[in-house]
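Here is what each chain is made of, one letter per residue.
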Protein chains: 2
Amino acid sequence: MTLSDRIRNARGEALADLLLINGRVINVFSGEIISENIAISDGNFLGFGHYEAKEVVDLAGRFVAPGFIDAHLHIESTMTCVSEFVRAVLPRGTTTVIADPHEIANVAGAAGIEYMISSADAQPMNIYFTLPSCVPATHLETAGASLLAKDLAPLAGHPRVVGLGEMMNYPGVIYEDPTVLAKLEMMRSHHKPIDGHGPGLTGYELNAYIMAGIQSDHECTSLKEAREKLRSGMHIMIREGTGAKNLKDLLPLVTPQNAPRFMWCTDDRHLQDLLDSGHIDALVADAIRAGLDPVIAIQMATLYPATYFGLGHVGAISPGRQADLVIFSHLHDLVVEAVYIQGRPVAEDGRLLPRVLLPESRPIAQAMSVQPERLDLSIPDRGCDIRVIDIVPDQLITRQKTMAPTVRLKMAISDPDRDLLKIVVVERHQGTGNIGKGFVQGIGLQNGALAASVAHDSHNIIAVGANDQDMMTAIYRVVKTGGGMVAVCNGEILAELALPIAGLMSTEPLEAVRRKLDGLIAAARSLGSNLHDPFMTLSFLALPVIPELKITDKGLIDVGAFESVGLFVD
Amino acid sequence: MTLSDRIRNARGEALADLLLINGRVINVFSGEIISENIAISDGNFLGFGHYEAKEVVDLAGRFVAPGFIDAHLHIESTMTCVSEFVRAVLPRGTTTVIADPHEIANVAGAAGIEYMISSADAQPMNIYFTLPSCVPATHLETAGASLLAKDLAPLAGHPRVVGLGEMMNYPGVIYEDPTVLAKLEMMRSHHKPIDGHGPGLTGYELNAYIMAGIQSDHECTSLKEAREKLRSGMHIMIREGTGAKNLKDLLPLVTPQNAPRFMWCTDDRHLQDLLDSGHIDALVADAIRAGLDPVIAIQMATLYPATYFGLGHVGAISPGRQADLVIFSHLHDLVVEAVYIQGRPVAEDGRLLPRVLLPESRPIAQAMSVQPERLDLSIPDRGCDIRVIDIVPDQLITRQKTMAPTVRLKMAISDPDRDLLKIVVVERHQGTGNIGKGFVQGIGLQNGALAASVAHDSHNIIAVGANDQDMMTAIYRVVKTGGGMVAVCNGEILAELALPIAGLMSTEPLEAVRRKLDGLIAAARSLGSNLHDPFMTLSFLALPVIPELKITDKGLIDVGAFESVGLFVD
């Protein structure tokens, strides 16, 4: 359809495809709620007014708003493929997401990003991407790729790429690492925004970070922190993920006058949360319940992120914008009842409509570069104390403690009686044969072992267990299935979820994924763990940017010193 | 200075160039007024905080805001060159303008636009341009150029070009004129905004206009009109020019929640007004006096236009943005006391500082393609009534009346006793020899003649007089000086202003321009006119888009019928 045709339609010369009548429209431009008819043709809004239409839908006084936008998330965190992710969040009213394929890029590099971009094609949803800025996350681990500015540059102009993803390497920015600055300058030359990730940055360092061109932040945890970043010119993404939840703390900062500087995001939100609590709809509803003006809450979910990312074709009801809509009955107890994409209903009452087809997801050809038969998990004792990772339940941080190992046959071994379990990270990308070995307290397994190829940020294989044999069985299984999560006991697979997409995502329907995830947690519990989600805890034990003691394929990492340390305290 | 250097400065590693202390900062991000120190280096903000600096300026509690932005104006309307325009508005706190060189483009085409763009170089002010979208304005007049999409395209990528200028040809948009749509699509491909000009557009036609990609409007005159455009997704520029004044009518629409959709502009503001009343500072002050929250008034003058035009480096105080500032003592009686550009003081107490150098302006080589000796102003009588342009004092619209001519020697002639004056438009661009001839009532000259090469939008030479001889003298003079405005009586030049820049702008200092403009008005008054500004009235009599009867080089124009009509009513 040409521009000429679209103009003629807006002029009312032809029958509109659809007219929504008797709706109460959330007008994100004027900040009002107005009773208007909405006309739609060829997937786009024609405007408000009395158009003749092929089809008329009576909204009977229900509210209608532009579709919701998640300003920053990692689809990989749901462990579902892109199509199943869409099936999870589209019925909740999310019509546009800005995804940062950081996890898959750590595994598969630019090919992983391209995989995600192509997976966005033909989806009944607008999926945009920021390019991962920090692959690998650190030099303290072996990732599947290293992406420099020159590697990202060919993707920066892609129409689905809307910016540079969260620049987690804030020391690199602030202390002018040329490889980091090159990425910023590369994206700046494309006039696309650069997202930040600067937890706790303040004063000079914050100014330096913004000076470098970082425009947003989704890591604020306190009002004070968010206020300084807001005042200094950053756009604030209020995050409400599975782990990190900042809505209640940051909401008091939002006023009608500064609200355009705010957006919602979920960052990492697990499938269970998406299915049980929802997505951006849940954030909007929570914010309204907490006292935020409903129209502002919706502006932060629509026009403001669209404006920030330069997506002038979504985020509002206006002639020429894409007709993506959510419909709901109650402003103060917001439950999305229907969702339209490009003027067609795609979901009702929380379910995708049967006629909505999702592209089939394909596995990513990703060999596990591991030779399990060569793995040696044994830890010869050295007659001195060992450093032990001490888990803080339900938090990403750990503590470090020093204690005597349990030794048998001159080997330091798992000792469930002391809740002292062996933990290993097996490098899976480059075939280095690297294994990091250590001990952890707080997992609580009495028997068996757990292993997973989801282990932030490099996603090597992490395994923990009450004995080496079960750990080996678990690792073997993960390698054999091309990635996944598994719980093993006495050589038997108790539960598992195969993740053939880069060892991060399943190709199965989300219900199956959820069932298997629940099964994995149940299995881990049956083996003795009392953690809320032992696999989630496990997946962050390899992340060497969160204090205090972590483990990667290069061994134990003292995060404070930002260097690897020996297991034994000599 | 490299990005690395700038980051290091923000980190506080080097002495800042300047620290402003004890200021009350208008924070346009958070919508607050905050006591903060502002550090500046190398022309850019480093941020808030306690920086060591080479120079410390104590603001002693005064207010400091980002420099003001005029979102849409025609510099030509001041009749001063760019440098003198800067001298007029910079001391008022205007640090950035978005100029539409529509007038000079009608005279000199793309070369005129290029002239303005190059005149912006080395100015102590940020001057950006929208490309004129409607040259010529109509087919009912002969302009100096015709600019199609292909003529504008080479300029669209210029860093000083930020969008397409006001699309006045809204019928062409709404009824899909392919040459018009080609311009829209051309600028859209550059991802730069397209400004509108759609007075009175509503309903289907408004929707069609927005559908075409028009993003803003500065022609709203009523609350109802502005409200519809706002709700439909347009950015609203509230205009307060010399002729059109919309601030008081539109201000009630602005709320904290919708304010980001608003900006200020002056469109056409004459030199006298700039000098006597001010520029954007006057709009901001007026709005505050009328009850608008001062911070919102300033946001509309800074961050919001900067965001709309994608000028991320101005419009706010934030690390890395250009250190353009205004300083004032009173929030509710705002008078700009000092102005900084790129961290250096450029004006104080309404005057440019002596050390601030403005580039010398040069005339534009613009032959007047007129052979005055061939001009024949005579109008042979045809023995019937004539159509007469009936002026409505101080308005751009005219009425049409029909009356008998005064005839002598078989010629219809000026008759000051009936206030029936001959008026002619002499084509000056293409040497066609076209003369439009007619009569006008309401100018009031008893003797002499007036002529000017400023006559919207094609800027041919317009002349009116009590007798043909003085009209000829006036036209001769305008031609001889390469353009200008002149008042003549009995063959003698009473007053004049040469406009050697395309017949539109002077190269003289603004004080001289103002004195000569005052002299011209005084001369016209001495010749009998009671109009507020007879030259301004004259300059709009050739604009065939404002009802009811106008005159161009092609003759009388019935604006309602949008066609030329004969002088005699046969």
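Examining the relation of the copies chain A and chain B
(1) Moving on: For these two chains of identical sequence, chain A goes onto chain B by a turn of 180 degrees and a shift of 0.0 Å along the axis, with RMSD 0.0 Å. Here the two chains are linked by the operation of a two-fold rotation axis.
(2) Moving on: Same-surface contact between copies: 100% of interface residues of chain A are shared with the interface of chain B.

Considering helix α7 (residues 203-211) of chain B
(1) Moving on: The complete set of buried residues in α7 of chain B reads L206, N207, A208, Y209, I210 and M211 of chain B.
(2) Moving on: For α7 of chain B, the secondary structure elements touched by its buried residues are α1 (3-10) and β3 (44-48) of chain A together with β9 (161-167), α5 (170-174), β10 (194-196) and α8 (223-231) of chain B.
(3) Moving on: Backbone geometry just after α7 of chain B places G213 of chain B at a positive phi near 110 degrees.

Thoughts on the sheet that holds strand β28 (residues 549-552) of chain B
Sheet strands line up and pair through hydrogen bonds in the backbone, either parallel or antiparallel.
All names here are of chain B.
(1) Moving on: With respect to topology, 3 strands assemble into an open sheet ordered β28-β29-β30, the strand pairing being antiparallel. Each edge of the sheet is formed by a strand with only one pairing partner; in this case those strands are β28 and β30 (563-565). With direction set aside, neighbouring strand axes in the sheet form an average angle of 45 degrees.
(2) Moving on: Note: β28 against strand β29 (residues 555-558), 4 bridges, orientation antiparallel. Across the sheet, the residue bridging to L549 is D558, located in β29.

Details of the interface of chain A and chain B
(1) Moving on: Across the boundary between the two partners, chain A contributes 52 residues, which contact 52 residues of chain B.
(2) Moving on: Of the roughly 4500 Å² buried at the junction of chain A and chain B (both faces included), carbon and sulfur atoms supply 56%.
(3) Moving on: The three residues of chain A that bury the most area against chain B are M211, R231 and Q257 of chain A, which together make up 19% of that side's buried surface.
(4) Moving on: Here chain A is connected to chain B by 6 salt bridges.
(5) Moving on: Among the ionic pairs, R11 of chain B bridges to E176 of chain A, the shortest N-O distance being 2.5 Å.

Describing the environment of I391 of chain B
All names here are of chain B.
(1) Moving on: Note on placement: I391 falls in strand β18 (residues 386-391).
(2) Moving on: Owing to a relative accessible area of 9%, I391 belongs among the buried residues under this scheme.
(3) Moving on: Note: C-alpha distance between I391 and A16 (375 residues apart in sequence) is 60 Å.
(4) Moving on: Apart from residues lying up to four places away in sequence, I391 is in contact with V440, Q441, G442, I443, L531, T537 and L541.

Some thoughts on the state of the cysteines
Residues and elements named next belong to chain A.
(1) Moving on: Per the counting criterion, the structure on display carries 0 disulfides over all chains.
(2) Moving on: C265 provides the cysteine sulfur closest to C134, a residue in no disulfide bond, and the two sulfurs are 16 Å apart.
(3) Moving on: Relative accessible area serves as the criterion here: at 5%, C134 is assigned to the buried category.

So, the sheet that holds strand β13 (residues 262-265) of chain B
All names here are of chain B.
(1) Moving on: In space, the 8 strands of this open sheet follow the order β6-β7-β8-β9-β10-β11-β12-β13, with parallel pairing throughout. Looking at the sheet topology across the chains shown, the edges are occupied by β6 (68-73) and β13.
(2) Moving on: Strand direction decides the pairing type here: strand β7 (residues 94-99) and strand β8 (residues 126-131), joined by 4 bridges, are parallel. Among the inter-strand pairings, T96 is bridged to a residue of β8, identified as N126.
(3) Moving on: In this fold helix α11 (residues 280-289) packs onto β6, β7, β12 (235-239) and β13, with an angle of close to 130 degrees to the strand it touches most, β13.

Re the side chain of H74 of chain A
Residues and elements named next belong to chain A.
(1) Moving on: The residue H74 is located in the loop between β6 (68-73) and α2 (82-89) in this model.
(2) Moving on: Judged by relative accessible area, H74 falls into the buried class, the value being 2%.
(3) Moving on: Excluding anything up to four places from it in sequence, H74 contacts D100, H102, E103, E166, D267 and D268.

How each quantity is defined
- Residues numbered from 1 in each chain as written.
- Chains lettered and ligands numbered in written order.
- Predicted model: local features only at pLDDT ≥ 70, side-chain atom pairs only at ≥ 80, totals over all residues.
- Heavy atoms only, no water.
- Least-squares fit on C-alpha atoms with pLDDT ≥ 70 in both.
- Contact = heavy atoms within 4.5 Å.
- Buried < 20%, exposed > 50% of the residue type's maximum accessible area, 1.4 Å probe, protein only.
- Helix = DSSP H or I, 4+ residues; strand = E, 2+ residues; numbered from the N terminus.
- Pairing = 2+ DSSP bridges.
- Axes fitted to C-alpha atoms, helices over the stretch in contact; angles between N-to-C directions.
- Buried area = accessible area lost by both parts, 1.4 Å probe.
- Salt bridge = Lys/Arg side-chain N within 4 Å of Asp/Glu carboxyl O.
- Disulfide = S-S within 2.5 Å.

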